[in-house]
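One letter stands for each residue in the lines below.
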Amino acid sequence: MDEEQKEQAGEEASPEAAARAPRGPVVTIDSSLVKDIENETGVNVGSCFQCMKCSSGCPLAFTMELVPHQVMKAVQLGLKDKLLEANTSWICATCYTCSVRCPNDIDIPRVMDHLRQMTEGRALRKSEKDIKTFHKCFLKSIRRHGKASELGAIVGYKMRTGHFFQDMGLGMKMMSRGKLHFLPGNIRNKQEIKEIFRKAEEEEK
Amino acid sequence: MMLSYYPGCSLEGSANEYDRSTRSVFASIGVELKDLEDWNCCGASSAHIFNEKLSIDLPARNLQILEKQEADMLVSCAACYSRMRKAVKVIKDQGLSLPDGSTYEGKNEVRFVLDVLFEDAMLKKIGEKVAVPLEGLKVVCYYGCLTVRPPRVTGAEQYENPTRMDEIVEILGATACQWSFKTECCGAGLALARSDLVMKLTAKVMDMAQEAGAEAIVVVCPMCHANLDMRQEEMSQAFKKTYAMPVYYLTELIGLAHGLDEAPEWLEKHLTDAKGLLAGKGLL
């Protein structure tokens, strides 16, 4: 009898057959995700052949739930939830070490930006949410003044995240050295900046 | 020679000593800086994280202003340089118009401070004006990420082992130690939200600097400076090891070597003492 017949007969499979059996969950590949991301970003995610150069050089890989090459694979397999639940895109510091070493010249940081935008509407863990909040405060300041008021952005960040007392000592040291100004400078043509924000938000929709 | 100067938000604020030393040094080598009229924030990391178009249009408004000038743009901040050059590339590659609808001709280039200083004529002037050679000062040159990566945006030819800062430092009489962490990330924009990660990364940078025999780190980026300079006390406590390594802006070192009177004032802005080391070597 061959292997299949043995299996059907309820007999134990041979070691060879056991080795061929799937270990762990079987993934149904959804290739719409990689196509969507490639179209929306222009990045050739499909070219990744898992050489791991990116993850090997990534300075923050040690704390990422999915390291860069795993992110590429997750995109290729269409594992959207796994992708967006991972802390990776928010931890990424956009240092470009990954893309400069990728033999296929994949713009991984661009994919990270896209993934961050895809997490919109999803609940984030506090530590990732704080990162997002910081950037939102920074952008808010730019929208209002045309330039980032560092103090404004920092105070806004502290208030929204509840980290009131963290870095107070540091803040005092910076202030005493004139490194943080109370009054933000406004650019003259603020309305041009508001217009830039408005158009950019419209295009996203 | 004249350049359109784009300080950026950090140099107006927390990295003010970088702005002042840039202005003084360029004056010292005979280059006139004219502030870019009504410049706006380049968007830094925050814009590209949320919106690709925003991340291009914010710096593009500055390119719009630059088009009307008669000089190239000088940028001292690595992030601003990166975003401005990225905007140039995307606008050219995709044939986009500037925010006011006009066409981008690219009449004037966007140039990074390190590259401008590395021009032959500039190097010569830097060398000629050295009044206080920084002899006995052993440093490592820290380029960080955005001064060199991505090379298609920055124009950097050497992005794994850049040497321009090292060469300038040597012209000033100091010793640029060889080390392997020239372009390792400092943690960048995670500075506030994940300072724990930033400290882990900057600790590695400083450990490597020490291993290389350096007494100080030289930078050309306000973010790198902040991350390296501002939390050394905290790091000493967290990692049970003394971190007390001064971090100088390249322009500060040039100013010091040129014997500029205002140079010591810049150092007073640092959080980690930057004067003691130099005073001890008779360089202040």
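Please refer to the structure higher up on the page.
Residues numbered from 1 in each chain as written. Chains lettered and ligands numbered in written order. Predicted model: local features only at pLDDT ≥ 70, side-chain atom pairs only at ≥ 80, totals over all residues. Heavy atoms only, no water.

**Q** So what exactly am I meant to see when it comes to the nonpolar core here?
**A** A general feature of soluble globular proteins is that nonpolar side chains tend to end up buried together. Membership of the largest hydrophobic core comes to 156 residues, with the highest contact counts inside it found for Phe-26, Leu-63, Ile-217 and Leu-250 of chain B. Sorting elements by how many residues they give to this core places helix H5 (residues 78–94) of chain B first, with nine residues. Excluding residues within four positions of it along the chain, Phe-26 of chain B makes contact with Leu-3, Val-31, Leu-33, Leu-74, Val-113, Val-116 and Leu-117 of chain B. Counting residues in hydrophobic clusters, the runner-up holds seven residues, among them Leu-170 of chain A together with Ala-226, Met-230 and Leu-271 of chain B. (Core = buried A, V, L, I, M, F, W, Y, C linked by side-chain atoms within 4.5 Å. Buried < 20%, exposed > 50% of the residue type's maximum accessible area, 1.4 Å probe, protein only. Helix = DSSP H or I, 4+ residues; strand = E, 2+ residues; numbered from the N terminus. Contact = heavy atoms within 4.5 Å.)

**Q** Got a minute to help me understand the environment of Ser-4 of chain B in this structure?
**A** Residues and elements named next belong to chain B. Here Ser-4 is to be found in strand E1 (residues 2–6). Separated by 106 residues in the primary sequence, Ser-4 and Val-110 have C-alpha atoms spaced 9.3 Å apart. Setting aside residues no more than four positions away along its own chain, Ser-4 makes contact with Lys-34, Leu-36, Leu-66, Gln-69, Ala-71, Asp-72, Met-73 and Leu-74.

**Q** Would you mind going over the packing of aromatic side chains with me for this structure?
**A** For any two aromatic rings, the description comes down to two numbers: the centre-to-centre distance and the angle of the planes. Evaluated as defined, the whole model comprises eight aromatic pairs over all chains. With centroids separated by 5.8 Å and ring planes inclined at 85°, the aromatic side chains of Phe-134 of chain A and Tyr-157 of chain A adopt a geometry described as edge-to-face. Separated by 23 residues along the polypeptide, Phe-134 of chain A in helix H10 (residues 126–145) and Tyr-157 of chain A in helix H11 (residues 150–161) bring together distant segments of the chain. Comparing Phe-134 of chain A with Tyr-157 of chain A shows no difference in burial state: the two are buried. In this structure an aromatic cluster arises from ring pairing among Phe-134, Phe-138 and Tyr-157 of chain A. Above the ring of Trp-39 of chain B, the side-chain terminus of Lys-147 of chain A is found at 4.4 Å from the ring centroid. (Phe/Tyr/Trp six-rings, centres within 6.5 Å; stacked < 30°, edge-to-face > 60°. Lys NZ or Arg CZ within 6 Å of the ring centre and 35° of its normal.)

**Q** Mind showing me how you'd approach the interface of chain B and chain A here?
**A** Put simply, an interface is often sized by how much accessible area is lost when its parts join up. Taken together, the 56 residues of chain B in the interface contact 57 residues of chain A. With both sides pooled, the region where chain B packs onto chain A buries about 5,200 Å², and carbon together with sulfur makes up 60% of that total. The largest contributions to the chain B side of the interface with chain A come from Ile-49, Phe-50 and Leu-192 of chain B, which together make up 14% of the buried area. In this structure, Glu-233 of chain B engages Lys-173 of chain A in a salt bridge whose closest nitrogen and oxygen atoms are separated by 3.2 Å. Seen at the junction of chain B and chain A, the total is 23 residue pairs in polar contact (both at pLDDT 80 or more). For the side of chain B that touches chain A, the elements supplying multiple residues, two or more each, are helix H1 (9–12), helix H3 (44–50), helix H4 (52–67), H5, helix H8 (151–154), helix H10 (195–211) and helix H12 (232–239) of chain B. For the side of chain B that touches chain A, the element with the highest residue contribution is H3 of chain B, accounting for seven residues. Its residues placed into classes, the side of chain B that touches chain A shows 24 nonpolar, 12 polar and 20 charged. (Buried area = accessible area lost by both parts, 1.4 Å probe. Salt bridge = Lys/Arg side-chain N within 4 Å of Asp/Glu carboxyl O. Polar contact = N/O pair within 3.5 Å; in protein donor to acceptor, adjacent residues only side chain to side chain. Nonpolar A, V, L, I, M, F, W, Y, C, P; charged D, E, K, R; others polar.)

**Q** Hey, could you run me through the pairing of E1 of chain B in this one?
**A** On a regular strand, each side chain points to the face opposite its neighbour's, so the side chains alternate between the two faces of the sheet. Residue and element names in this part refer to chain B. Burial runs high along E1: four of the five residues are buried. In terms of strand pairing, E1 meets strand E3 (residues 73–75) through three bridges, oriented parallel. Paired with Tyr-5 across the two strands is Leu-74, which belongs to E3. (Pairing = 2+ DSSP bridges.)

**Q** Would you explain the packing of helix H9 (residues 164–171) of chain B against helix H13 (residues 250–257) of chain B in this entry?
**A** For any two helices packed against each other, one specifies the crossing angle of their axes together with the interaxial distance. Residues and elements named next belong to chain B. Taken N-terminus to C-terminus, the directions of H9 and H13 make an angle of 15°; their axes are 10 Å apart at the nearest point. The angle between H9 and H13 places the two elements in the roughly parallel class. As H9 runs across H13, the sense of the crossing is left-handed. Across the interface between the two elements, Met-165, Ile-168 and Val-169 from H9 touch Leu-250, Leu-253 and Ile-254 from H13. Per-class residue counts for the contact of H9 with H13 are six nonpolar, no polar and no charged. (Axes fitted to C-alpha atoms, helices over the stretch in contact; angles between N-to-C directions. Parallel < 35°, antiparallel > 145°, perpendicular 65-115°, else oblique. Left-handed = near helix turned anticlockwise from the far one by under 90°.)

**Q** Any chance you could explain the state of the cysteines here in plain terms?
**A** One way to say it: the disulfide is the covalent bond shared by the sulfur atoms of two cysteines. Residue and element names in this part refer to chain B. Scanning the entire structure with this criterion turns up zero disulfides over all chains. Of all cysteine sulfurs, the one in Cys-185 lies closest to Cys-145, which takes part in no disulfide; the gap is 3.7 Å. Cys-185 sits in the buried class, given a relative accessible area of 4%. (Disulfide = S-S within 2.5 Å.)

**Q** What's the story with empty space enclosed by the protein in this structure? I'm lost.
**A** Leftover empty space is mapped by rolling, across the atoms, a probe with the size of a water molecule. All names here are of chain A. Applying the stated criterion to the full structure yields four cavities of 30 Å³ or more. There is about 120 Å³ of room inside the largest cavity. Along its surface, the largest cavity is lined by 15 residues, and Cys-58, Met-64, Cys-92, Cys-95 and Cys-98 are the ones closest to its centre. Of all the secondary-structure elements, those providing two or more residues to the lining of the largest cavity are helix H8 (97–101) and helix H9 (108–118). Broken down by element, the residue count for the lining of the largest cavity peaks at three residues, all from H9. Its residues placed into classes, the lining of the largest cavity shows 13 nonpolar, two polar and no charged. (1 Å grid on protein atoms, 1.4 Å probe; cavity = no way out; pocket = protein on both sides within 12 Å on 5 of 7 lines; lining within 4 Å. Points joined across faces, edges and corners; volume = space filled by probe spheres on them.)

By themselves, these figures tell us nothing about what the structure is for.
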